Every structure is written in structure tokens, then in C-alpha cells.
Amino acid sequence: MTDVTGAPADVLHTLFHSEQGGHEQVVLCQDRATGLKAVIAIHSTALGPALGGTRFYPYASEAEAVTDALNLARGMSYKNAMAGLDHGGGKAVIIGDPDVIKSEELLLAYGRFVASLGGRYVTACDVGTYVADMDVVARECRWTTGRSPENGGAGDSSVLTAFGVYQGMRASAQHLWGDPSLSGRLVGVAGVGKVGHHLVRHLREDGATVVITDVRQDAVWRIADQDPSVGVAADTERLIEIEGLDIYAPCALGGALNDDTVPRLTAKIVCGAANNQLAHPGVEKDLADRGILYAPDYVVNAGGVIQVADELHGFDFERCKAKAAKIYDTTLAIFARAKADGIPPAAAADRIAEQRMAEARQRR
């Protein structure tokens with residue numbers, strides 16, 4: 001079933017009527033000459049211009065791409081609010097295989113679409129886009145972050161994303177076991193790409209035993225060659241069922257925590273870099289019912305957005321790292337709020353973020 005525009009009706013229902021909707025603006029972008037098809041979703045500008053990355057991915061359908069953009073943009077509103085940034089939430093997706101269709105001309109065309117929003121949306125890197133891509137986009141759009149240092153940017157934001165997730169893990173360990181050290185803990189990391197491989201380094205330096213998996217064998221081999229002590233699981237299905245697993249870190253795409261995986265998790269803590277880890281509302285309660293401590297993804301993976309936001313004001317790495325280190329305290333505060341209110345940590349984080357956005361709207 002479609003509406004008068006030809007868009008699937010369920011997408012419009014999500015946008016206008018569901019709790020996952022409420023977005024201020026959604027822009028469909030097309031440049032036939034370059035093959036660009038993109039969706040820019042602005043969820044909220046209550047706290048300031050929407051800030052969020054550009055995902056370049058071969059979606060199975062345009063409807064799937066729109067849905068992903070809506071979900072990711074909403075998540076960025078909450079992430080930016082919990083990170084204490086003066087930014088709302090937005091996200092963009094480019095539809096297609098970046099290894100096949102990405103070109104300089106396509107990225108320039110995309111930059112013109114972002115620029116047409118006049119600063120309501122500030123873009124950066126995400127899955128499928130890199131610092132070099134943002135350098136190209138920035139040639140057409142000054143509201144671009146995640147650029148290279150040579151072009152006035154902060155460089156790779158995955159470094160501080162991983163650092164923030166590591167701080168979230170330390171806070172989770174402190175809350176559950178009374179000690180933030182991960183020494184001797186068994187940690188499974190699913191996805192060891194841009195963020196995951198940095199996270200593995202932090203874990204190993206802290207003395208954790210690490211097992212990894214990734215759909216890309218080259219990513220696995222890179223880590224295995226650097227540190228032969230790191231174990232390798234054949235796939236995520238086997239990783240989450242490892243006996244004695246203390247922490248599970250989903251660091252690939254979203255939806256990792258669902259009706260199929262949660263009952264099979266052996267880990268006591270879930271804390272990872274992936275966005276939108278909860279496949280649907282209610283999964284956070286399923287985790288709590290099983291006694292699994294969930295560190296809300298948009299809280300612990302905020303190191304990257306802290307970095308790209310700082311780039312807009314003149315980047316300073318040590319200043320950003322100090323802000324990212326506070327993810328430890330924020331995560332502990334969420335666990336305390338969850339215990340006080342008798343709700344799962346994900347719900348507690350949502351309440352805190354929603355309160356900040358509501359207060360900002362009232363001041364307008």
C-alpha cells in the first residue's frame with residue numbers, strides 16, 4: 001500500500017503517528033547524473049542544528065533506507081542530548097553500494113543538497129563514508145565535519161567513539177562488579193571495523209581477554225596479525241553463546257539485540273558501539289528480566305559526535321577526550337536513575353534526554 005506520493009504508507013505512519021516518528025523534516029534527494037539517491041532526516045533542532053553522520057549503504061529498498069534514516073536521526077537527538085551538546089539530531093543515508101557507485105561527483109552533489117538546508121543539518125562520517133569523503137562534501141557544503149586535519153578538520157572520529165565505549169564498559173563493570181577494571185574479563189566484540197579495532201586495543205591494554213568476529217575476514221586478520229592472543233569466533237551467533245562471556249560489544253550494524261539473540265546471550269553486560277542495538281521496543285525489558293546490564297548505545301558511543309561537534313569550534317583533541325571520558329560518569333548516572341525509577345537503563349537514558357530537549361523547547 002502506498003500514499004499519494006508513491007511512498008510506502010507504513011513509512012509515513014512512522015513519521016507522523018508513531019512514537020518513533022515526530023521528525024521535523026525529511027528530505028529526499030536525487031541527482032540522476034551521478035546516481036545519487038539520498039535521504040536526509042532531521043528529527044529535532046530543539047538544542048541546536050541537527051548533527052549526525054552520512055551512511056552509505058546498499059539498502060534492499062528505498063523504504064528501508066527511509067526507515068533507517070528516521071531511526072538513526074531520532075537516535076542522534078538522544079545521543080547529542082545525553083552528550084551535553086548544543087545540537088539536535090539528524091542523519092542522512094545514501095542508497096547504494098559505496099564500492100560501486102561512490103564518486104567525487106556524487107559526493108559533491110550530495111554536499112549541495114546538505115548545503116541547501118542552510119545549516120539546519122550538519123553532516124559527518126558514518127558507515128560507508130570516510131574522512132576523505134567529507135573533504136569532498138565540504139567543497140560544496142560548509143556544514144560538514146569529520147574532515148581531515150589538512151582541510152581544517154578533526155580527522156577520524158572512530159578513535160574517540162571507541163574510547164567512549166570503553167568508558168561505558170568501565171562504568172558497567174563498576175556498577176555490576178564494583179570495579180571498573182576489565183582485567184581478566186572475557187569480552188566478545190562483534191564488528192572490528194573503524195571503531196571495533198580501536199576498542200579491542202583499549203580492552204587488551206586493560207588486560208581483558210578478547211574474542212572477535214566480523215563478516216569481513218580482512219578486518220579479523222588485521223587484528224589477529226597484530227595480537228595473536230585475540231580469539232576469533234566464526235560468526236556473531238557463536239560469539240554470543242560463548243560460555244563465560246562477561247561483556248558483549250555489538251559494534252556493527254543495528255538490531256543486534258532482538259527476540260532471537262537476547263535469550264541466547266551468555267554475557268552479563270552489553271555495551272557496544274553500534275547504533276540502534278535494540279531491534280524494537282521491549283527488548284530493553286527482556287534484557288533486564290534476564291539480569292543483563294545494558295549500557296544504552298547512544299550514550300556510550302557518543303565520543304565520535306563529541307569530536308565532530310568540537311570541530312565546528314576549532315578542534316582540540318585533549319579537550320574532546322576529556323569530554324568523552326565523562327561518558328563513564330554519565331553511564332553510572334543512568335544506571336542510578338534506572339535503579340531509582342525501577343526501569344531499564346535504556347528507559348532512564350531516554351527520560352533524561354527527553355527532559356533536556358523539553359526544557360530547551362520551553363526556553364524558545
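Rules and cut-offs
- Each chain has its residues counted from 1, running along the sequence as written.
- Per-residue local features are limited, in this predicted model, to residues with pLDDT of at least 70; the limit for side-chain atom pairs, both in listing and counting, is 80 or more; totals at the level of whole chains, interfaces and linings are taken over all residues.
- Values reported for side chains reflect all heavy atoms of the structure, with hydrogen atoms and water molecules removed beforehand.
- Under the DSSP-based scheme used, a helix requires at least four consecutive residues in state H or I and a strand at least two consecutive residues in state E, with every element numbered from the N terminus.
- We call a residue buried when its accessible area falls under 20% of the maximum for its residue type, exposed when it is over 50%, and partly exposed in between, using a 1.4 Å probe and counting protein chains only.
- Contacts: residue pairs with any heavy atoms within 4.5 Å of one another.
- Methods summary: accessible areas were calculated by the Shrake-Rupley approach with a probe of 1.4 Å, and residue burial reflects only the protein chains presented.
- Charge counting treats Lys and Arg as positive and Asp and Glu as negative, with His and both chain ends excluded.
- Note on charges: their place is set at NZ of Lys, CZ of Arg, CG of Asp or CD of Glu.
- Aromatic contacts are taken between Phe, Tyr and Trp rings whose centres are within 6.5 Å, Trp giving its six-membered ring; a plane angle under 30 degrees counts as stacked, one over 60 as edge-to-face, and the others as tilted.
- Each ring is checked for a lysine NZ or an arginine CZ that lies within 6 Å of its centre and within 35 degrees of its normal; such an atom marks a charge sitting over the ring.
- Salt bridge, as used here, is a side-chain nitrogen of Lys or Arg placed within 4 Å of a carboxyl oxygen of Asp or Glu.

Considering the overall build of the protein chain
Along its length, the protein chain carries 15 helices and 12 strands. Buried residues in the protein chain amount to 53% of all 364 residues. At a minimum sequence separation of 6, the contacts of the protein chain that also span at least 24 residues come to 65%. Just so you have it, the protein chain exposes about 15,500 Å², and 51% of that area is on carbon and sulfur atoms. If you average the places of the 35 positive and of the 46 negative side-chain charges in the protein chain, the two averages end up 5 Å apart.

Some thoughts on the environment of His-13
Examined against the element boundaries, His-13 turns out to sit in helix H1 (residues 9-16). For His-13 and Glu-237, which are 224 residues apart along the polypeptide, the C-alpha to C-alpha distance reads 33 Å.

Thoughts on the packing of aromatic side chains
A complete count under the given rule lists three aromatic pairs for this structure. With centroids separated by 5.1 Å and ring planes inclined at 70°, the aromatic side chains of Tyr-57 and Tyr-59 adopt a geometry described as edge-to-face. An angle of 75° between the planes, with centres 6.4 Å apart, marks the rings of Phe-315 and Phe-317 as edge-to-face. The aromatic ring of Trp-177 is capped on one face by Arg-185, whose charged end is 3.7 Å from the ring centroid.

Regarding the pattern of salt bridges
The final tally for this structure, using the stated rule, is 22 salt bridges. Two residues, Glu-24 and Arg-120, come together in a salt bridge whose shortest N-O distance is 3.2 Å. Highlighted residues: Glu-24 in the loop between H1 and strand E1 (25-31) and Arg-120 in the loop between helix H4 (104-115) and strand E6 (121-122), separated in sequence by 96 residues. Its relative accessible area of 38% is what places Glu-24 among the partly exposed residues. Residues Arg-112 and Glu-140 are paired through a salt bridge, measuring 3.2 Å at the closest nitrogen-oxygen approach. One end of the pair, Arg-112, is in helix H4; the other, Glu-140, is in the loop between helix H5 (131-138) and helix H6 (158-177), and 28 residues separate them in sequence. By relative accessible area, which is 34% here, Glu-140 ends up partly exposed. By sharing partners, the salt bridges in this structure join Arg-55, Asp-68, Lys-91 and Asp-126 into a single network.

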